[in-house]
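Residue-level listing of the chains:
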Amino acid sequence: TENRNLLLPTIISRCQTIDFPDLNSTDLTDYLSRYIQPLPPNAQAAVANSHGSIDTLNKLISPEGARLLEAEEKLYRIFKTTTPPDTVRQLDEFQSQCNSNDLAAQVILESVSRRLINDLHTINTPAALNCIARLSAYFSSALYLIERNISLRLLFINIYLTYREELRKWKINP
């Protein structure tokens, strides 16, 4: 699994852990040129958003991949630029696009959470590091909840509010 934190401790204690590093963008581009012909028009965007995972890359270059990339950008903008009254309306619109497709919601949320956390890495303060740690744990648990069929609407609103609250608590303006 790519999400070791989703496994029960009793299972982890009985298994051998083998960590594979993420692939770099050169490796992913080589993979595309070798196995996917012709290259899809969104190939470079898919490589940039796959975060070193061939599985995610294959999802992003699929026919639905361009829609996933657009949705990922939309959710990222919602988190970064909206204020609560407008946020709920935009999250409802976003959720209706993802409705009944938990896999799409999971891929999009994973990508957005990585982007939001990477934005915080540019701020090198103890407060930012604390915020990164708390948000990383929260986003991991949110990804787990998507797999458990939690209401996407409530989950996205909760994630947004938690993200904003953590930034406010640590007085961070990315």
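Conventions and cut-offs
Residue positions are given per chain, counted from 1 along the sequence in the order it is written. Only residues with pLDDT of at least 70 are given local features in this predicted model, and only at 80 or more are side-chain atom pairs given and counted; all residues enter the totals for whole chains, interfaces and linings. Note that the side-chain values use all heavy atoms of the structure and ignore hydrogens as well as water. Lines fitted to C-alpha atoms define the axes here, with helix axes fitted over just the stretch in contact, and angles between the N-to-C directions of these axes take values from 0 to 180 degrees. Each helix corresponds to a stretch of at least 4 residues labelled H or I by DSSP, and each strand to a stretch of at least 2 residues labelled E; elements are numbered beginning at the N terminus. We call two directions roughly parallel when the angle between them is under 35 degrees, roughly antiparallel when it is over 145, roughly perpendicular when it lies between 65 and 115, and oblique otherwise. Crossings are sorted by hand: turned counterclockwise from the far helix by less than a right angle, the near helix makes the crossing left-handed, and turned clockwise it makes it right-handed. Any two residues whose heavy atoms approach within 4.5 Å at even a single point are treated as in contact. Nonpolar residues are Ala, Val, Leu, Ile, Met, Phe, Trp, Tyr, Cys and Pro. Charged residues are Asp, Glu, Lys and Arg, and all others, Gly as well, are polar. In this scheme, a residue with accessible area under 20% of its type's maximum is buried, one over 50% is exposed, and one in between is partly exposed, where area comes from a 1.4 Å probe on protein chains only. In this context, the arc is that of the directions from the helix axis out to the C-beta atoms. Any pair of N or O atoms that falls within 3.5 Å is considered a polar contact. Within protein, one atom must be able to donate a hydrogen and the other to accept it, and sequence-neighbouring residues count only if both atoms are side-chain atoms. As used here, the term nonpolar core means buried Ala, Val, Leu, Ile, Met, Phe, Trp, Tyr and Cys residues forming a set that is joined through side-chain atoms within 4.5 Å. For Phe, Tyr and Trp, rings pair up if their centres lie within 6.5 Å, where Trp contributes its six-membered ring, and each pair is then called stacked (planes under 30 degrees apart), edge-to-face (over 60) or tilted (otherwise). Only lysine NZ and arginine CZ atoms are considered, and such an atom sits over a ring when it is within 6 Å of the ring centre and within 35 degrees of the ring normal.

A.B. asks: Break down the packing of helix α5 (residues 65–81) against helix α6 (residues 84–98) for me, with residues and values.
C.D. replies: Contact geometry of α5 with α6 gives a least axis separation of 10 Å together with a crossing angle of 165°. Of the possible angle classes, the one that applies to α5 and α6 is roughly antiparallel. Read as a crossing pair, α5 and α6 show a hand that is left-handed. Contacts between α5 and α6 pair R67, A71, K74, L75 and I78 from the former with T87, Q90, L91, E93, F94 and Q97 from the latter. Each residue belonging to the contact of α5 with α6 can be placed in one class, and the counts come to 5 nonpolar, 3 polar and 3 charged.

A.B. asks: Summarise helix α2 (residues 25–35); cite the residues concerned and give the values.
C.D. replies: Buried within α2 we find L28, Y31 and L32. Looking straight down α2, one finds that the buried residues subtend no more than 95° of arc, so they occupy a single side. Turning to α2, the residues buried within the fold contact α3 (43–49) and α4 (54–60). A distance of 3.1 Å separates the backbone nitrogen of T26 from a side-chain oxygen at the start of α2, and that oxygen is part of N24.

A.B. asks: How would you explain the nonpolar core if you had to name every residue and give the values?
C.D. replies: Buried together is how nonpolar side chains tend to be arranged in soluble globular proteins. Counting 45 residues, the largest nonpolar core has L57, L75, F79, F94, I108, L109 and F156 as its most contacted members. Listed by contribution, the elements that provide at least two residues to this core are α2, α3, α4, α5, α6, α7 (102–121), α8 (126–147) and α9 (152–169). A total of 9 residues in this core trace back to one element, the largest contributor, which is α7. Sequence-distant contacts of F79, that is, excluding residues within four places in its chain, are made with V112, L116, I159, Y160, Y163 and R164.

A.B. asks: Residues and numbers for the packing of aromatic side chains, please.
C.D. replies: Enumeration according to the criterion identifies 4 aromatic pairs in this entry. Considering the side-chain rings of F79 and Y163, the 5.7 Å spacing of their centres and the 70° angle between planes classify their relative orientation as edge-to-face. Here F79, found in helix α5, pairs with Y163, found in helix α9; they are 84 residues apart in sequence, far enough to count as distant. The class of Y163 is buried, set by a relative accessible area of 1%. For the ring pair F94 and F156, a centre distance of 5.3 Å and an interplane angle of 75° mean the geometry is edge-to-face. One end of the pair, F94, is in helix α6; the other, F156, is in helix α9, with 62 residues separating them in the sequence. With respect to class, F94 is no different from F156; both count as buried. By the ring-pair criterion, three or more aromatic residues cluster together here, those being F79, Y160 and Y163. The lysine or arginine in question, R115, covers the ring of Y76, its NZ or CZ lying 3.6 Å from the ring centre.

A.B. asks: So what's going on with the side chain of Q95? Residues and values would help.
C.D. replies: The topology assignment puts Q95 in helix α6. Contact partners of Q95, with chain neighbours within four places excluded, come to L152, R153 and F156.

A.B. asks: Can you lay out the environment of I159 for me, pointing to particular residues and giving the numbers?
C.D. replies: Among the structural elements, I159 can be located in helix α9. Between the C-alpha atom of I159 and that of L75, which follows or precedes it by 84 residues, the distance is 11 Å. Setting aside residues no more than four positions away along its own chain, I159 makes contact with F79, L109, Y138, F139 and A142.

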